[in-house]
Amino acid sequence: MTRPKLADWLLIPSVYGLLGWCLALVLYELRVLPWEPTSLELYLVCAVQIFAFALSARIHISQAVKLRVDSAKHRYRGSAALLLALHALGFIGIAVYVRDFAVEFGGIAEFVATFFSEALAIRALAAEQSSIGVQVSYFGWIAITATPFAINAGGPWVRRVLVLAASVQFLGNLLFIDRTRPIWLLFMLAMSILLINANRLSNRTSMRALIAAPVVVTAVFVGVGIFIGKLGAGDADASILDNVYHNLTAGFAYLNHVLVTEGLFDFSTARTLAPLHNVLAVFGFGEPPPSTILDTYELPFRTNVGTALEPFYRDGGWSYMLVGMLCISFLVDQLALRSASYRNPFSMHLWSALCFVSATSFFAQKLGNLSVWLFILLALTAVAIQLCLNRRRLWLSIPSNGSVSSLDQLNVQTSSGGPPASA
């Protein structure tokens, strides 16, 4: 195996989970805010989860090296036309969302005025109602994430058009008044750029980027927070530093409280498989799952986030939480790296999205979000279509004697996700 570089490790979701959990735990123990005392249960959970992240990263490093090497050998399987279609869907989603929410403010002009003068009012409304535009806008996310790959493979006009479309799409997503959206999009965009340049990156350059990333994320978090009134002058009870520290450590505080105070469970998958239960409930099969917005606790500071493990623990206790630890490490790594090997826009987006899911697992549960389920479904569908097209092209090119070499070629191409040599 080729000797791993730092860039190879950065292609694995569990590496971000490992770094996130270690950083958050250290900060939590500093008690910049006086959270409740850390329980032995939380120490045990953190130790096992950090070990799982580290072990999964070590097991999957060979796949990451192969992904980096193959990215320079095989072409990206996406077109500018497809990305423009995805951008169009994203813009439609944003427009539908604005139309639906503007009704509550008296029209689009009033919605825009509210966005610039009292953005928090739009965020408050989002807690009470939704819009199908939110889900449709996710297609624009895929287009943004795939843009660096298309630019790398396309001509000058492709670069100009796609950069413009991606920039406008990103700005449009700011209308959702959500600090997570811009950070998520920038993270996935950075992952795409990382993979494209992984072969050329030195360990020193990768380390500089790794150090700079939290600074950029914090700057975006603070900037968007101040704009919508969630930081600084908009929150008289806490400084900007306190707000940042609160969001980095609140997940551990919440999980710590749940582990100590809650202990009797009837096994369920209502929280961990919430999107599935919502669909079943629509068709009359069972009750809707509990709200994904958790109850707020005073610990002694208000918080309602509990890391990625909270739904597993509340659904089935300690044994099911262990399953959750394996899911957010080994399962996520395998799904992400296998998906990226097919090099189409949907699979590349899923890989980068799962890296973000892992990176934020110390804070909140995203693996069970409808958006992530949609990304998985789209990626699996795209890969299935890709494999079917590869098989069809190959069978059309097989000589009348059905040579064994052609069949071997099929196995090689479908396993790597790339096009057949005859295509």
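Procedures and definitions
- Residues numbered from 1 in each chain as written.
- Predicted model: local features only at pLDDT ≥ 70, side-chain atom pairs only at ≥ 80, totals over all residues.
- Heavy atoms only, no water.
- Helix = DSSP H or I, 4+ residues; strand = E, 2+ residues; numbered from the N terminus.
- Contact = heavy atoms within 4.5 Å.
- 1 Å grid on protein atoms, 1.4 Å probe; cavity = no way out; pocket = protein on both sides within 12 Å on 5 of 7 lines; lining within 4 Å.
- Points joined across faces, edges and corners; volume = space filled by probe spheres on them.
- Buried < 20%, exposed > 50% of the residue type's maximum accessible area, 1.4 Å probe, protein only.
- Phe/Tyr/Trp six-rings, centres within 6.5 Å; stacked < 30°, edge-to-face > 60°.
- Lys NZ or Arg CZ within 6 Å of the ring centre and 35° of its normal.
- Expected span 1.5 Å × (residues − 1).
- Salt bridge = Lys/Arg side-chain N within 4 Å of Asp/Glu carboxyl O.
- pLDDT = per-residue confidence, 0-100.
- Patch = residues over 30% accessible without salt bridge, like charges linked within 9 Å, V, L, I, M, F, W, Y side chains within 5 Å.
- Areas by Shrake-Rupley, 256 points an atom, 1.4 Å probe, with all protein chains shown as cover.
- Core = buried A, V, L, I, M, F, W, Y, C linked by side-chain atoms within 4.5 Å.
- Arc of directions from axis to C-beta.

Participant: Break down the side chain of His349 for me, citing the residues and quoting the values.
Facilitator: Locating His349 in the fold gives a position in helix H15 (residues 345–359). When residues no more than four places from it in sequence are discounted, the contact partners of His349 are Trp141, Ile142, Thr145, Met188 and Phe375.

Participant: Explain the layout of surface pockets to me, and be specific about the residues and the numbers.
Facilitator: For the second largest pocket, the calculated volume is near 370 Å³. Forming the boundary of the second largest pocket are 19 residues, of which Thr272, Leu273, Leu367, Trp373 and Ile376 lie nearest the centre. Listing elements by their share of the lining of the second largest pocket, those giving two or more residues are helix H14 (310–340) and helix H16 (370–397).

Participant: Describe unusual backbone geometry, with residues and values.
Facilitator: Residue Pro300 is bonded to the preceding Leu299 through a cis peptide linkage, with omega at -5°. Structurally, Pro300 is set in the loop between strand S1 (297–298) and strand S2 (302–303). With phi around 55°, Arg31 is a residue other than glycine that occupies positive phi space. Within the element layout of this structure, Arg31 appears in the loop between helix H2 (13–30) and helix H3 (40–73). Arg31 gets classed as partly exposed once you look at its relative accessible area, which sits at 24%. Of note, the phi angle at Ile177 is positive, near 50°, even though the residue is not glycine.

Participant: Report on the packing of aromatic side chains, specifying residues and quantitative values.
Facilitator: What characterises a pair of aromatic rings is the spacing of the ring centres plus the angle enclosed by the ring planes. Per the counting criterion, the structure on display carries 22 aromatic pairs. Between Tyr138 and Phe375 the ring centres are 5.7 Å apart and the planes differ by 75°, which places this aromatic pair in the edge-to-face class. Within this pair, whereas Tyr138 is found in helix H8 (residues 138–153), its partner Phe375 is found in helix H16, the two being separated by 237 residues in sequence. The same class applies to Tyr138 and to Phe375, which are both buried. Following the ring pairs from residue to residue traces out a cluster consisting of Tyr16, Tyr138, Trp141, Trp184, Phe187, Phe356 and Phe375. Above the ring of Tyr28, the side-chain terminus of Arg31 is found at 4.2 Å from the ring centroid.

Participant: So what's going on with helix H10 (residues 180–197)? Residues and values would help.
Facilitator: The end-to-end C-alpha separation of H10 is 26 Å, in line with the 26 Å expected for 18 residues at 1.5 Å each. What H10 keeps buried is the set Arg181, Pro182, Ile183, Trp184, Leu185, Phe187, Met188, Met191, Ser192, Leu194, Leu195 and Ile196.

Participant: Go over the pattern of salt bridges, please, and point to the residues and values.
Facilitator: Evaluated as defined, the whole model comprises 8 salt bridges. In this structure, Asp70 engages Lys66 in a salt bridge whose closest nitrogen and oxygen atoms are separated by 2.6 Å. Here Lys66 and Asp70 lie together in helix H3, a separation of 4 residues that amounts to about one turn. A salt bridge links Asp315 to Arg271, with the nearest nitrogen and oxygen atoms 3.3 Å apart. Remark: Arg271 occurs in the loop between helix H12 (240–261) and helix H13 (274–282) and Asp315 occurs in helix H14; sequence separation between them is 44 residues. A relative accessible area of 0% places Asp315 in the buried class. In this structure, a network of salt bridges that share partners links the residues Glu262, Glu310 and Arg314.

Participant: Describe the confidence of the model for the protein, listing the residues and the values that go with them.
Facilitator: Note that predicted coordinates carrying low pLDDT should not be read in detail. Here the protein averages 88 in pLDDT, while 90% of its residues score no lower than 70. Taken together, the stretch residues 232–236 has pLDDT below 50 and engages in 5 contacts with residues farther than four places along the chain or on a different chain.

Participant: If you had to explain a nonpolar patch on the surface to someone new, which residues and values would you point to?
Facilitator: A cluster of nonpolar side chains, namely Leu276, Val279, Leu280, Val282, Phe283 and Phe285, defines an oily patch on the protein surface of about 620 Å² accessible area. Tracing the chain through its elements places Leu280 in helix H13.

Participant: So what about the nonpolar core? Which residues, and what values?
Facilitator: Judged by nonpolar contacts, the single largest core of 114 residues is most densely connected at Phe252 and Trp351. Looking at this core element by element, the count peaks at 11 residues for H14. If we skip the residues at most four places from it in the chain, Phe252 touches Trp21, Ala24, Leu25, Tyr28, Leu42, Cys46, Thr307 and Phe362.

Participant: Residues and numbers for helix H9 (residues 156–173), please.
Facilitator: When the terminal C-alpha atoms of H9 are compared, their 26 Å separation across 18 residues agrees well with the 26 Å that a helix rising 1.5 Å per residue should span. Buried within H9 we find Val158, Leu162, Ala165, Ala166, Gln169, Gly172 and Asn173. Along the axis of H9, the buried positions cluster into a sector of 120°, meaning they face one direction only. The exposed set on the far side of H9, more than 90 degrees from its buried face, consists of Pro156, Arg160, Leu164 and Leu171. The elements touched by buried residues of H9 are helix H4 (80–105), H8 and H10.

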